[in-house]
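# Commentary on secondary and tertiary structure
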Amino acid sequence: MQTVRQRLTRRQDVAAMADATAPGGALRRTMGLWQLTLLSVGATLGTGIFVVLGEAVPKAGPAIVVSFVLAGVTALFSALSYAELAGMIPGSGSSYSYTYATLGELVAWVCGWCLILEYGVSVAAVAVGWGQYVNELLDLVFGVTLPASLSAPPGTGGVLNVPAAAIVVLAMVVLLRGARESAVINVIMVAVKIAALVMFCAVAFTAFHAGNFQPLFPLGAAGMSAGAASLFFSYIGFDAASTAGEEAKNPQRDLPRAIILSLVLVTALYVLVAVAALGAMPWQKFAGTEATLGEVLVRAVGGGTLWPVLLSVGAVVATTSVVLTVQYGQIRILFSMSRDGLVPPVFSRVHAQSGVPRANTVIVSSFIAVLAALVPLGSLADATSIGTLFAFGLVNIAVVLLRRRNPDAPRSFRVPLSPLLPLLGVAACGYMLCSLGADTWIAFGAWMAAGLVVYWLYGMKHSTLGRPGTPVKETV
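Because the structure is a prediction, the values reported are computed rather than measured. (Residues numbered from 1 in each chain as written. Predicted model: local features only at pLDDT ≥ 70, side-chain atom pairs only at ≥ 80, totals over all residues. Heavy atoms only, no water.)

## What about empty space enclosed by the protein?
The condition is simple: Here a cavity is any set of points on a 1 Å grid over the protein atoms alone where a 1.4 Å probe fits but cannot get out, and a pocket is any open set with protein on both sides within 12 Å along at least 5 of 7 lines; a residue lines the site when it has an atom within 4 Å of a point. Grid points are joined across faces, edges and corners, and a volume is the space filled by probe spheres set on the points. Only runs of H or I of at least four residues qualify as helices and only runs of E of at least two qualify as strands under DSSP, and these elements are numbered from the N terminus. Note on residue categories: nonpolar means Ala, Val, Leu, Ile, Met, Phe, Trp, Tyr, Cys or Pro, charged means Asp, Glu, Lys or Arg, and polar means any other residue, Gly included.
Taken as a whole and assessed by the stated rule, the structure comprises 2 cavities of 30 Å³ or more. Taken as a whole, the largest cavity encloses approximately 80 Å³ of empty space. Taken together, Met31, Gln35, Leu39, Leu175, Ala179, Ser182, Ala183, Asn186, Leu324, Thr325 and Tyr328 make up the full set of residues lining the largest cavity. Of all elements in the fold, only α3 (33–44), α10 (179–204) and α14 (306–339) reach the threshold of two or more residues within the lining of the largest cavity. Looking at which element gives the most residues to the lining of the largest cavity, the answer is α10, with 4 residues. Considered class by class, the residues forming the lining of the largest cavity number 7 nonpolar, 4 polar and no charged.

## Some words on the pattern of salt bridges
The test is simple: Salt bridges are defined as contacts in which a side-chain nitrogen from Lys or Arg sits within 4 Å of a carboxyl oxygen from Asp or Glu. The rule is simple: take the accessible area with a 1.4 Å probe, protein chains only, and divide by the maximum for that residue type; under 20% is buried, over 50% is exposed, in between is partly exposed.
The full count for this structure, using the stated rule, is 4 salt bridges. Between Glu105 and Arg10 there is a salt bridge, and its shortest N-O distance comes to 2.9 Å. Pair noted here: Glu105 is in helix α7 (residues 105–142) and Arg10 is in strand β1 (residues 10–11), with a separation of 95 residues, a long-range link. In this structure Arg10 comes out as buried when scored by relative accessible area, which is 1%. Measuring nitrogen to oxygen at the nearest pair gives 2.7 Å for the salt bridge that ties Arg253 to Asp254. Taking relative accessible area as the criterion, Arg253 reaches 42% and is therefore assigned partly exposed. Here the salt bridges share partners, and the residues they tie into one network are Glu84, Arg403 and Arg411.

In structure tokens, the structure reads:
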């Protein structure tokens, strides 16, 4: 009989996790390097630029360009740690699985609960942004928009955000077809949104005014930090490749490469677009904008509706891609937690023909659709950022601990200058956590309290490591 301390600190074996198979069936290995890279790009590129930029610029002013770099560097520290652990533990659990192997079951549960917040809420947030760009496109092409009652959540002038819920349901339909089919659709959408952002930069730079960047820090260093904390929401997608560990053809080789490649590409595009947008329109005019880049072209560049229409099409495709890929990641996180017994087995049942956890997909998508229909964008984005920063901090700690406990374990990628860079990653995450508002912290505390209750009532009792005859590793 395990003691309470043993239950809370029991750890998964790294070798066993790499070969784990859910009782409900195994996922199919169909993804190569570029599919994994574009999965991460699809989950990342678009959110901060198309959706959150209008809310972040008023916090930092022109320093939002520096905020993007700061958020990107913070993400890079964590990306290196993700790359090392993804090469060691090629499962679907992402940082949840990594902490289970290093910090014990209770911390793994906390990390998994953060990931549920990170992935599920971010899908809802991007879905809200998708609805905004659909309205912008309808207005530009047909001169009509959806009524506020059907395109905005309660508290912001509406009753139900129907477009936001609709895109989540559409993504669910695609995901139910299988990982290979979803990856092909994602590749097409990523190509479209990169082309849209390159087009925006080419047009916006024709109206560039260097004076818009004076002063660079009108709201001080605190404003720049607050902007970075909000924009960190834009970088959550790079770890999406780590949730595809059990569907990658060669996970030890391809997962680390995909994670690093996607983050470098996305950060470069974010900074380029931010410079073009701020150069074309003074930062004071960003307040209250929704389809931000489209308004930059209309207000600052002019020249008719052609460019705004093309950009809005690209934005709709971009946000669709983010919804699809992040929703995929959320489903795979719950798949891993279910396989470990911490959530009900329905989440790890795999359909024999499609190779997809169907019930998991439907349940998760339904919950996210309701959330997207009823909650405003700003609240969703901040809640996502705090969950992401906690999870990233734990991944950095996991790298340091595994280097100490399993120094000779095979690693297809090693974080350079360890433990310095992982510890810098922890410090950077902590710095940006301190920049988030009190309301966000209160909501996060309530979410974590609810998670601990669920773990105490269900997860601790049903964990596979608690079954008779299962060897238990305790943290030290």
